[in-house]
Amino acid sequence: MDDNDPAIAIVALNHLMLEHAIEELSEAVARRIVEFETSVLKVEQRAGKLLALELSEAAARIPAELHKDIDGAGIKAAHLVYLVDQAHKRPARVRWLSAGLLSATALLLAGVWIGAHCFVH
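It should be emphasised that the depicted structure is a prediction, and the values quoted were computed from it without experimental measurement.

## Looking at the overall build of the protein chain
In terms of regular secondary structure, the protein chain is built from 1 helix and 0 strands. Relative to its length of 121 residues, the protein chain is extended, with a C-alpha radius of gyration of 51 Å against a globular reference of 14 Å. The principal-axis extent of the C-alpha atoms belonging to the protein chain is close to 170 × 30 × 10 Å. Per-residue burial over the protein chain gives 0% buried out of 121 residues. When the accessible area of the protein chain is evaluated, it comes to approximately 11,200 Å², of which 71% is carbon and sulfur surface. Measuring between centres, the 12 positive side-chain charges of the protein chain sit 35 Å from its 16 negative side-chain charges.

Here's what the structure looks like:
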């Protein structure tokens, strides 16, 4: 084999063509990587905007939910206060009713006794 052998020329041409194909492929991959990074940035920006929008909507709903919870707790507290008040009033009512019935009975008996002593003689 010498330098003028056609086999060496074919190998050299194949080597040059392979280097050219590798360069084109490298450039194409580099372009695709840049496009991919740009797409990722756009997706991140969109996702960030959507997340910010959802976060602001959720933050706007928080005061309304808190107000609703506070109102519900107020109603429950008012009901509990009413039940406690009723529980405390019941013994007082029973006590006063008993005292009234006992007084009425005493007055009735006193009236009967006085009537029996005054009209008999």
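Having seen it, we continue.
## Points about a nonpolar patch on the surface
Side chains of L25, V29 and I33 sit close together on the surface and give an oily, nonpolar patch of about 270 Å² of accessible area. Counting through the fold element by element, L25 comes out in helix α1 (residues 6-120).

Calculation notes
- Residues numbered from 1 in each chain as written.
- Predicted model: local features only at pLDDT ≥ 70, side-chain atom pairs only at ≥ 80, totals over all residues.
- Heavy atoms only, no water.
- Helix = DSSP H or I, 4+ residues; strand = E, 2+ residues; numbered from the N terminus.
- Rg over C-alpha atoms; globule rule 2.2 N^0.38 Å.
- Buried < 20%, exposed > 50% of the residue type's maximum accessible area, 1.4 Å probe, protein only.
- Areas by Shrake-Rupley, 256 points an atom, 1.4 Å probe, with all protein chains shown as cover.
- Lys, Arg positive; Asp, Glu negative; His and termini not counted.
- Charge placed at Lys NZ, Arg CZ, Asp CG, Glu CD.
- Patch = residues over 30% accessible without salt bridge, like charges linked within 9 Å, V, L, I, M, F, W, Y side chains within 5 Å.
- Salt bridge = Lys/Arg side-chain N within 4 Å of Asp/Glu carboxyl O.

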